[in-house]
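# Structure at a glance
Given next are the chains, with one letter for each unit.
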Amino acid sequence: MDHTTIRALARLGAAAAALAVAASMPAAAQDFPEEPITIVVNFPAGGGQDTAARLIAEYAAQRTTVPIVVTNVTGAGGATGTRHVADAEPDGYTVGIIGSNFVAQQYMNENATTVDEIIPIALFGPDPGALEVRADTGITDVAGYIEALRANPGSITNGNDAPGGGSYIVAALMERAFGIEMTKVPYQGYAPTVAGLLAGEVMSATLPVHQFADQHKAGEVIILGVAADERHFLVPDVPTFREQGFDFVAGDWRALFVPAGVPEDRVQYLEDLFFETMSDPAFVEAANAAGFVVTPMRGADTLAHILRTDEEFYPVLLDAGLVTVNQKEE
Amino acid sequence: MLDPFFSALAAILTDPYLLALSVGGVVVGTVLGALPGISSTMALAILLPVSFAMSPEAAMVFLLAVFSSSVFGGSISAILLNIPGTPGAIVTQFDGYPMARSGRAGHAVSIALLASTLGGLFGLAVLVVVAPVIAGAAMSFRSPEFAMATVLGLTMLAYSSPGSTFRGVLMGAIGLLCGMVGFDALTDVSRFDFGSATLQAGIDMVPLTVGLFGLAEVMRNLGLRREDVPEVPKMGSIMPPWRTLWPLWKPMSRGSLVGTFVGAIPAAGSAIAVVVSYAQEMRLSRTPERFGKGAPEGIAAPEAANNACVGGALVPMMTLGVPGDTMTAVLMGALLLHGLRPGPMLFADNPDFVGMIYSGLFFAVAATLVCNLALIRVIVLVMRTPRHMLMIGIAALCVVGSFAIRNSMSDVYVMLAFAVVGYVMGLLRLPVAPLAFGLILGPILEENVRRSLIVSGGEWSVFVERPIALAMLLLSLVALLYPVAAAGIRGLRGRKAAAPAPAAGGQDPR
Amino acid sequence: MPPTPGAAEPEQAVAVALDAAAPEEVNTPARDVAVGLFILAWAVVGWISVAGNSRLFGDFGRDPGPALMPVVVLAILSAGGLAILATAIVRLVRGAGPQPAERTTFGARLRPHLVPATLLVTLAVYPTVMHAIGYAAATAVFVLGWILALSGWRYLPHGRARLLAAVAAVGATAAVVAILYTSFVVVIRAPLP
């Protein structure tokens, strides 16, 4: 037997194997994926974004034939990692994860990725905003908080992200919605904000619920309200803003995306893969245990969601003087 | 808290799977820690997915083994190659490397190992017994205290690093400048970016230290003519004699204390602990001029502090659910992935698991000691590999290591740039350590100074009104002014006694 | 490394050779001029960037703003650099400091830095080469080339000695590539090209 025959036979075998695999998979994605898929996280390992991505990778890998790897490309408040994905080869093997600060960065950083450079493939879920105060402030509900600030503008120090970050925007949206003014004290990320509130440096915080669930139960911190449509499963005793008579819904969310230019069939494959993964009850259970709310959406809905956030954030950013690039024409 | 601790310890000792995991974690952790370019945080982050498939208990035993051993591993390369494997080991090399070059590599590594063990155990003991108390104290730290703690760390470093304090301060200022590159933490305004996205992402600590210490050292070595390479004396014994070892218990205990308490302050981390304990030993020593030339105390104290920080950093994470540094942030992420949230409720709901974490850390410290004692003989063989092969290997490692930290090529170029800076600074006889620490501590300093002012409404008095902040500020001032005052006193004395000995290196160390 | 004064005692010789300690005597006026210029270079680059960044000086409410720290640090650097430079120039003019024993030509001074500079250049092109031919191959070429160059292989006599050195170099290269590949590609899964 000469070499050509061996090679031909090998090719035949490979083709047969591929056929067998293809038969068990959606027809559109016969040749995809063949290599490991990478999820690029734009924040350091250990944070919320990272934990969410690793959970998704773990469960999605069970539904596909290739490994799913998580890498962290960090810096510039998350813009570096997003830019890394947007500039990657549009072959569908590089997937990114973004939060609502992606929307803000478009207007604050000339190097940030804009929404037309990406194709959203799935929404993981919201990270609802909430309002927490130290127990020793004596404030027990949202109305009391707003009253205190109306009587004495700027009298409450609030711990939040730097301008453009998720919890900053929640605070700014709240100021706008209720016509109040707090003294916003910026912290680098959630953990230092938690420490700041516990140490008594600030009186309130606008972090997502899961950061304070334990302290709320222990009584040190009171979560005044959840800025979502429904109560949060970690603290079912805390009413929403709406239940207390204030129409206010705000917060962060997480979504997966690929760079613009990925072939349609591959986008479809990834959308199916991740949407189905996130709809899996076992996944939802694991994510809930880690403190995440899961409400999966498909690509088109995710894009609509991003655009809605954009409309909501833009006036706030403009008011705060944060819009330096991509200014919209009025 | 002790009952669950012992029962969990028994569980580890009787379960060959957990035992193997812990020992495996120690070996991997030591190696990764020793590789320049892989920090403890990164070692943990890359092994996080590996721990997925394990039960929560097994995952914690494994990750704690990696964590605690990687902290020691960083010192191995600091001592043997003058390249800190992890940023926490920068101070260890001040005395570790001169000691290794004088043929006592075995002694230096052994001292570091023993100090690590002691520090690790001390930190753990504090964690088990008085965690809530420490957590309460740490939580009384607000921005003014953080700011002053960083000032203290920076001045201690300028004071203790070789050469003049003045130049140390200036190098620290260059480090601060480098730390400001990229987005400002409080306003998101980009600074010193010169319009480049690479600089906008900021200068990461790992490429900077790898370039400044690692590649610069390689370049210096290659620049030496063959006959200029200082001959490494034949390696002597591995274990230092008892009379060297015994007096070290004091520096080790002091280092452990500093490490545990400073490590417990969220975000302050090990960087401040190591320099404070090093400066403290120098201050207390009757022969401070031996420091920087292979003083055993100069290895023992910071090394103990560095490892005591592990226990200290776990305190706020376990009791309050606030990770004290990037390493514990990854550990906390691992716990979250397994559906466990650290914090006050974990103690109440799941004391057995808390016991498992504690005993896992205990076992990790013990396994680090045993494994490395057995391996020191092999480890120090690094000193005997042909120098040029070793250096080229390290050069390649520097490149890959700085790429892998954020998976970005621009970090490689940052690393190369700082190799040049480090090389030039070597030629100019300028101390490099303050620059690295300036980069690490600068952002913490700036952020907290400004946040203090935001909260105080612009009153600078906030830094002197709070007693702890004031105490640290005064200590820093003393450290800064001490050399000036000491020189004055020395001058006076010198005139009086007309001593023939020169000011520096006068007293014989032995 | 130039011979340093104060290296008389054998105990100190090691330390000085290592750069671990730089006694005050090492600060010759000429070197201090360089130190001053080195520090001022950082300051100048910093000032240029600060001056060109109008957003630094916006209104940030109660926050003293992102310009505070850069200005303070740059002021310290400028003052310190100028002080060192000025003292050094005064010392140079007065001729008070210990003069270098022998005057050397510019070329001779540059020669010791030739190999380090070459290393830097090869390392700078290394990532580009990596993209072209892959990580493992690029590393192998880089490591093998340098080890051969540094072992003085070209000057060895033909035959056994040369062969031995080549074998050692190939062995070392294989070891380095294997170690790096296992730790970074297999364990860490770094997306290296």
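Rules and cut-offs
- Residues numbered from 1 in each chain as written.
- Chains lettered and ligands numbered in written order.
- Predicted model: local features only at pLDDT ≥ 70, side-chain atom pairs only at ≥ 80, totals over all residues.
- Heavy atoms only, no water.
- Helix = DSSP H or I, 4+ residues; strand = E, 2+ residues; numbered from the N terminus.
- Buried < 20%, exposed > 50% of the residue type's maximum accessible area, 1.4 Å probe, protein only.
- Contact = heavy atoms within 4.5 Å.
- Buried area = accessible area lost by both parts, 1.4 Å probe.
- Salt bridge = Lys/Arg side-chain N within 4 Å of Asp/Glu carboxyl O.
- Polar contact = N/O pair within 3.5 Å; in protein donor to acceptor, adjacent residues only side chain to side chain.
- Nonpolar A, V, L, I, M, F, W, Y, C, P; charged D, E, K, R; others polar.
- Axes fitted to C-alpha atoms, helices over the stretch in contact; angles between N-to-C directions.
- Parallel < 35°, antiparallel > 145°, perpendicular 65-115°, else oblique.
- Left-handed = near helix turned anticlockwise from the far one by under 90°.
- Expected span 1.5 Å × (residues − 1).
- Core = buried A, V, L, I, M, F, W, Y, C linked by side-chain atoms within 4.5 Å.
- Pairing = 2+ DSSP bridges.
- Right-handed = clockwise from strand over helix to strand, strands pointing away.
- Phe/Tyr/Trp six-rings, centres within 6.5 Å; stacked < 30°, edge-to-face > 60°.

### As for the overall build of chain C
Assigned secondary structure in chain C consists of seven helices and zero strands. Its helices and strands taken in sequence order, chain C reads α-α-α-α-α-α-α from the N to the C terminus. For chain C, buried positions account for 39% of its 193 residues. Taking as baseline every contact in chain C between residues at least 6 positions apart, the subset at least 24 positions apart corresponds to 65%.

### Observations concerning the interface of chain B and chain C
The interface of chain B with chain C comprises 82 residues on the first partner and 80 residues on the second. Summed over both sides, the interface of chain B with chain C buries roughly 6,700 Å², with 78% coming from carbon and sulfur. Scanning the region where chain B abuts chain C turns up two salt bridges. Arg450(B) is the partner of Asp63(C) in a salt bridge, and the nearest nitrogen-oxygen pair spans 2.9 Å. Here chain B is connected to chain C by seven residue pairs in polar contact (both at pLDDT 80 or more). Going through the elements one at a time, helix 3 (40-47), helix 5 (92-138), helix 7 (165-179), strand 2 (190-191), helix 9 (205-223), helix 17 (387-406), helix 18 (409-427) and helix 19 (433-456) of chain B are the ones with two or more residues in the side of chain B that touches chain C. The dominant element in the side of chain B that touches chain C, judged by the number of residues it contributes, is helix 18 of chain B, at 13 residues. Taken together, the residues of the side of chain B that touches chain C break down into 55 nonpolar, 14 polar and 13 charged.

### Some points on the packing of helix 4 (residues 101-108) of chain A against helix 11 (residues 299-319) of chain A
Each pair of packed helices can be described by the angle between their axes along with the distance between the axes. All names here are of chain A. At their nearest, the axes of helix 4 and helix 11 sit 9 Å apart, and the two run at 50° to each other. Accordingly, the angle class assigned to the pair helix 4 and helix 11 is oblique. Note on packing geometry: the crossing formed by helix 4 with helix 11 is right-handed. Seen from helix 4, the contacting residues are Phe102, Val103, Ala104, Gln106, Tyr107 and Met108; seen from helix 11, they are Ile306, Thr309, Asp310, Phe313, Tyr314 and Leu317.

### Some details on the environment of Glu34(A)
All names here are of chain A. Within the secondary structure, Glu34 is located in the loop between helix 1 (3-23) and strand 1 (37-41). Sequence spacing of Glu34 and Tyr93 is 59 residues, and the spatial spacing of their C-alpha atoms is 9.1 Å. Excluding residues within four positions of it along the chain, Glu34 makes contact with Val66 and Tyr93.

### Points about the environment of Leu199(B)
Note that Leu199(B) resides in helix 8 (residues 197-200). Among residues more than four places away in sequence, those in contact with Leu199(B) are Val181(B), Gly182(B), Phe192(B), Asp193(B) and Phe194(B).

### Let's talk about helix 6 (residues 143-160) of chain B
In a regular helix each residue adds 1.5 Å, so 18 residues correspond to 26 Å; helix 6 of chain B covers 26 Å between its end C-alpha atoms and thus fits that length. Along helix 6 of chain B, 17 of the 18 residues are buried, which leaves the element largely enclosed by surrounding structure.

### A look at the nonpolar core
Judged by nonpolar contacts, the single largest core of 125 residues is most densely connected at Leu215(B), Leu119(C) and Phe142(C). Take this core: its biggest share by element is 16 residues, from helix 4 (residues 56-81) of chain B. For Phe142(C), the contacting residues outside a window of four places in its chain are Ile392(B), Ala395(B), Ala396(B), Leu119(C), Thr122(C), Leu123(C) and Tyr126(C). Core analysis: the second largest hydrophobic core is formed by 79 residues, Val276(B), Ala433(B), Ala469(B) and Met472(B) among them.

### Things to note about the packing of helix 17 of chain B against helix 6 (residues 135-150) of chain C
In contact at an axis separation of 9 Å, helix 17 of chain B and helix 6 of chain C are set at 150° when each is read in the N-to-C sense. When the axis of helix 17 of chain B is compared with that of helix 6 of chain C, the two are roughly antiparallel. For the pair helix 17 of chain B and helix 6 of chain C, the sense of crossing is right-handed. Here His388(B), Met389(B), Ile392(B), Ala395(B), Ala396(B) and Val400(B) of helix 17 of chain B come into contact with helix 6 of chain C, specifically with Tyr135(C), Thr139(C), Phe142(C), Val143(C), Trp146(C), Ile147(C) and Leu150(C). Residue composition of the contact of helix 17 of chain B with helix 6 of chain C, grouped by class: eleven nonpolar, two polar and no charged.

### Notes on the pairing of strand 4 (residues 118-134) of chain A
Along a regular strand, successive side chains alternate from one face of the sheet to the other. Residue and element names in this part refer to chain A. Taken across its 17 residues, strand 4 has 15 buried, putting it largely inside the fold. Looking at chain direction, strand 4 and strand 9 (residues 251-259) are connected through nine bridges and run antiparallel. Within strand 9, the residue paired with Leu123 across the bridge is Ala255. Of the strand pairs in this sheet, strand 4 and strand 10 (residues 297-298) are connected by two bridges, and their pairing is antiparallel. Each residue of the ladder has a partner; that of Leu123, found in strand 10, is Met297. When strand 4 meets strand 8 (residues 221-227), the two strands line up antiparallel, connected through six bridges. What sits directly across from Arg134, in strand 8, is Val221. As paired elements, strand 4 and strand 7 (residues 204-205) share two bridges and run antiparallel to each other. Pairing of Val133 across the sheet is with Ser204, part of strand 7.

### Side note on the pairing of strand 1 of chain A
All names here are of chain A. For strand 1, the buried fraction is high: four of the five residues fall into the buried class. Two elements, strand 1 and strand 2 (residues 68-72), share five bridges in a ladder whose sense is parallel. Its bridge partner being in strand 2, Thr38 is matched across the sheet by Val69. You can see the chain leave strand 1, run along helix 2 (residues 48-60) and come back into strand 2, and the turn it takes is right-handed.

### Focus on the side chain of His216(A)
Counting through the fold element by element, His216(A) comes out in helix 8 (residues 213-218). Residues in contact with His216(A), not counting those within four places in the same chain, are Val221(A), Ile222(A), Ile223(A), Val235(A), Asp237(A) and Val238(A).

### Observations concerning the packing of aromatic side chains
Counted according to the given criterion, the structure contains 17 aromatic pairs over all chains. Residues Trp246(B) and Trp249(B) carry aromatic rings whose centres are separated by 6.4 Å and whose planes lie at 35° to one another, so their mutual orientation is tilted. Relative accessible area serves as the criterion here: at 45%, Trp249(B) is assigned to the partly exposed category. With a centroid separation of 6.3 Å and an interplanar angle of 80°, the aromatic rings of Phe38(C) and Trp42(C) are classed as edge-to-face. Placement of both Phe38(C) and Trp42(C) in helix 2 (residues 29-51) is noted, with a separation of four residues, approximately one turn of the helix.

### Points about the pattern of salt bridges
If the charged atoms of two oppositely charged side chains come close together, the side chains can form a pair. In this structure the tally under the stated criterion is 25 salt bridges over all chains. Note that Asp87(A) is salt-bridged to Arg83(A), the shortest N-O span being 3.1 Å. The network of salt bridges with common partners includes Asp184(B), Arg191(B), Glu446(B), Arg450(B) and Asp63(C).

### Thoughts on the environment of Pro342(B)
Residue position: Pro342(B) is located in the loop between helix 14 (326-337) and helix 15 (344-349). As for Pro342(B) and Met317(B), which are separated by 25 residues in sequence, their C-alpha atoms are 6.5 Å apart.

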